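# Analysis of the macromolecular model
Next come the chains, spelled out residue by residue.
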Protein chains: 2
Amino acid sequence: MAKEFDLISKYFTRVTPQAELGIGDDAALIKPSNAMDIAISSDMLVAGTHFFADVDPEKLGWKTLAVNVSDMAAMGALPRWATLSIALPEIDETWLSRFSKGFFACADAFNIDLIGGDTTRGPLTLNVTIMGETPHGWALKRSGANVDDEIWVSGTLGDAAFALAAMQNRIILTGEELNICRAALEQPQPRVELGLALRNIATSAIDISDGLLADLGHVLKASGVGAKIHLNQIPRSEIVSHHLQQEQAISMIVAGGDDYELCFTAPKNQHDAIDKLSQKLALRLSCIGNITSTPSLILHGKDDEIMNIKETGFDHFA
Amino acid sequence: MAKEFDLISKYFTRVTPQAELGIGDDAALIKPSNAMDIAISSDMLVAGTHFFADVDPEKLGWKTLAVNVSDMAAMGALPRWATLSIALPEIDETWLSRFSKGFFACADAFNIDLIGGDTTRGPLTLNVTIMGETPHGWALKRSGANVDDEIWVSGTLGDAAFALAAMQNRIILTGEELNICRAALEQPQPRVELGLALRNIATSAIDISDGLLADLGHVLKASGVGAKIHLNQIPRSEIVSHHLQQEQAISMIVAGGDDYELCFTAPKNQHDAIDKLSQKLALRLSCIGNITSTPSLILHGKDDEIMNIKETGFDHFA
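Analysis parameters
Residues numbered from 1 in each chain as written. Chains lettered and ligands numbered in written order. Predicted model: local features only at pLDDT ≥ 70, side-chain atom pairs only at ≥ 80, totals over all residues. Heavy atoms only, no water. Axes fitted to C-alpha atoms, helices over the stretch in contact; angles between N-to-C directions. Helix = DSSP H or I, 4+ residues; strand = E, 2+ residues; numbered from the N terminus. Left-handed = near helix turned anticlockwise from the far one by under 90°. Contact = heavy atoms within 4.5 Å. Nonpolar A, V, L, I, M, F, W, Y, C, P; charged D, E, K, R; others polar. Phe/Tyr/Trp six-rings, centres within 6.5 Å; stacked < 30°, edge-to-face > 60°. Buried < 20%, exposed > 50% of the residue type's maximum accessible area, 1.4 Å probe, protein only. Lys NZ or Arg CZ within 6 Å of the ring centre and 35° of its normal. Least-squares fit on C-alpha atoms with pLDDT ≥ 70 in both. Salt bridge = Lys/Arg side-chain N within 4 Å of Asp/Glu carboxyl O.

Packed helix pairs are characterised by how far apart their axes lie and by the angle those axes make with each other. All names here are of chain B. Closest axis-to-axis distance for the helix H2 (residues 57–75)/helix H3 (residues 93–109) pair is 6 Å, and the angle between their directions is 35 degrees. Of the two elements, H2 crosses H3, and the hand of that crossing is right-handed. Of the residues in H3, those touching H2 at Pro-57, Glu-58, Leu-60, Gly-61, Trp-62, Thr-64, Leu-65, Ala-66 and Val-69 are Trp-95, Arg-98, Phe-99, Lys-101, Gly-102, Phe-103, Ala-105, Cys-106, Ala-107 and Ala-109. Residue composition of the contact of H2 with H3, grouped by class: 13 nonpolar, three polar and three charged.

Listed below in structure tokens is the structure:
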């Protein structure tokens, strides 16, 4: 049976051109660029809580890194380095081979060096710490939203929640629809390019991992403001639109997790610049409402009525 | 029942004077010092693999951070920032309160800011990523050992392995002896001051987490050299010396894990400087042998005979 050190070498050691020293010592070494702050974020994924234990390991590898890359995007940071810790019940080289393939596919897509980590025996658990760079003082914090700012969302919301609901038989989708929604759930596309472009435009940003209402709620709380948003303006895919009559469909749009789109605020005079950015990036950017001075989050329904917000997101201990 | 965000706030959010932005956003932000490299290391600890699930949470909190601080010491880096991810089967506020007390005791002892992390539901698992600083080009790597360098070890070896063996009834200790050895196992003292002082002195360094022979073996492999070491010169506590006749006692000294002392190499002409450093730090530093050009590790026994090395350390998948 392969040993820990062999596993690291076989599946996870690659050249790390962005590091002074990569995997294989007591620590990795990186040389930060001048005048840049380092942004750091950690996410832990646990089998049974965040993913099904029998999920395709290649897709899991992608997602494990992608959810962390998304945090860099939400800060307006350029992701550069990551560490990966894995606990595995037993050595399964097929699983490791496929997992590392997906992980490095994401690393390659975003030019990230895997510079360290840990492998050990235990219930299937994954932890990534990601590091990126942003010019000093330019990071997109949650606390910068101002009254009258417009609120924007990238891409479409709800597809990932639809996939999960269909896989759990809580909603009915055709096979083709499920495949499309599963891609959103299992292979999220972090919005790094958008985050970088928003450094000069947005006043705050967050990635939508726990659901729009919950994540926007964090921005409102951190900024000491409120918001009015409009259900009709929240972007959703054709599939989601097609199934809006199904029970829970609306809550999946406003409170479904795992979308990994960005929600950001910007002054009204940036509206045209954001429309142009949308064209340049070929990425839908939708204005869904405004920041208000009253510290509450109000959701207007399809006939402009005020909707009762019950489900505000996902909490791993709820 | 408390929610994830409340837990983070209640037990893990403290002021972070060394960070531009601490816990509570998509990422933390740090501003590295000029001309410093950042050293980064991650360690994952799993209940049942690395610790007993019923271990005193306060001691576990200390050790969870301390084993990572030890990696910084082994690089000659000054630890400054850490992230902590915790998976917990259920919310246990008593456990969290005690765990965070031990964790921050270690953080305070070494002036480390907890700047981020994750809390989630799952089998009890802990992951720390630690970051420190070292002047560019000055880190103590594993690859720098030169032929004829002397090999040194800090403190004493074997106490932690003795404690574990006694707790598993593989060895017999008195209650008082067990308490002393348990302190080594459960509250290791990372050798940060030593690591910093060795920047100008040592050619390589590693911390002894997997056992002397295994960890020295990593240095030899990375440096492309061999070593001769002498059992009589390997430092051990009075308790370990007193029980040397017990079965496995010698393997606990040379191959027991969890000591978190430093093993380092230095040119012979630094011998006196290291003796003086030992006095200055009030820390035992023992020369245990020499680096050789033949790429093998030879252990001389108490009558200078060559010993057969079978147990070279601890592997979590062995």
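With that settled, the discussion passes to the packing of aromatic side chains. All names here are of chain A. The final tally for this structure, using the stated rule, is eight aromatic pairs over all chains. For the ring pair Phe-103 and Phe-104, a centre distance of 5.8 Å and an interplane angle of 85 degrees mean the geometry is edge-to-face. Among the residues examined, Phe-104 registers a relative accessible area of 4% and is labelled buried. Through successive ring pairs, a cluster of aromatic residues spans Trp-95, Phe-99, Phe-103 and Phe-104. When the ring centre of Phe-104 is taken as origin, the NZ or CZ atom of Arg-14, which lies over that ring, is 3.8 Å away.

With that settled, consider the relation of the copies chain B and chain A. The operation relating chain B to chain A is a screw motion whose rotation component is 180 degrees, with 0.0 Å of axial translation and a residual RMSD of 0.0 Å. On the angle and the small slide along the axis, the relation comes out as a two-fold axis. Interface overlap between copies is the fraction of interface residues in one copy that are interface residues in the other; for chain B against chain A it reaches 100%, indicating a shared surface.

Residue and element names in this part refer to chain B. Structurally, the position occupied by Gln-245 is in the loop between helix H8 (238–242) and helix H9 (249–255). Residue classification places Gln-245 among the exposed residues on the basis of a relative accessible area of 62%. A sequence separation of 57 residues divides Gln-245 from Pro-188, and the C-alpha atoms of the two residues are 25 Å apart.

A few words now on the pattern of salt bridges. Residues and elements named next belong to chain A. Tallied over the full model, the rule gives 26 salt bridges over all chains. Glu-93 serves as the salt-bridge partner of Lys-10, at 2.8 Å between the closest nitrogen and oxygen. Of this pair, Lys-10 sits in helix H1 (residues 4–12) while Glu-93 sits in helix H3 (residues 93–109), and the two are 83 residues apart along the sequence. Look at Lys-10 and you get exposed, because its relative accessible area is 56%. The partly exposed category is assigned to Glu-93, whose relative accessible area is 27%. Notably, a salt bridge pairs Arg-14 with Asp-108, separated by 3.6 Å at the nearest N-O pair. Of this pair, Arg-14 sits in the loop between H1 and strand S1 (28–30) while Asp-108 is found in helix H3, placing the two residues 94 residues apart along the sequence. Relative accessible area serves as the criterion here: at 55%, Asp-108 is assigned to the exposed category. When salt bridges that share partners are traced, they join Asp-56, Glu-58, Arg-98 and Lys-101 into one network.

Time to look at the environment of Pro57(A). Residues and elements named next belong to chain A. Among the structural elements, Pro-57 can be located in helix H2 (residues 57–75). Between the C-alpha atom of Pro-57 and that of Lys-101, which follows or precedes it by 44 residues, the distance is 8.7 Å. Residues contacting Pro-57, with those up to four places away along its chain left out, are Trp-95, Arg-98 and Phe-99.

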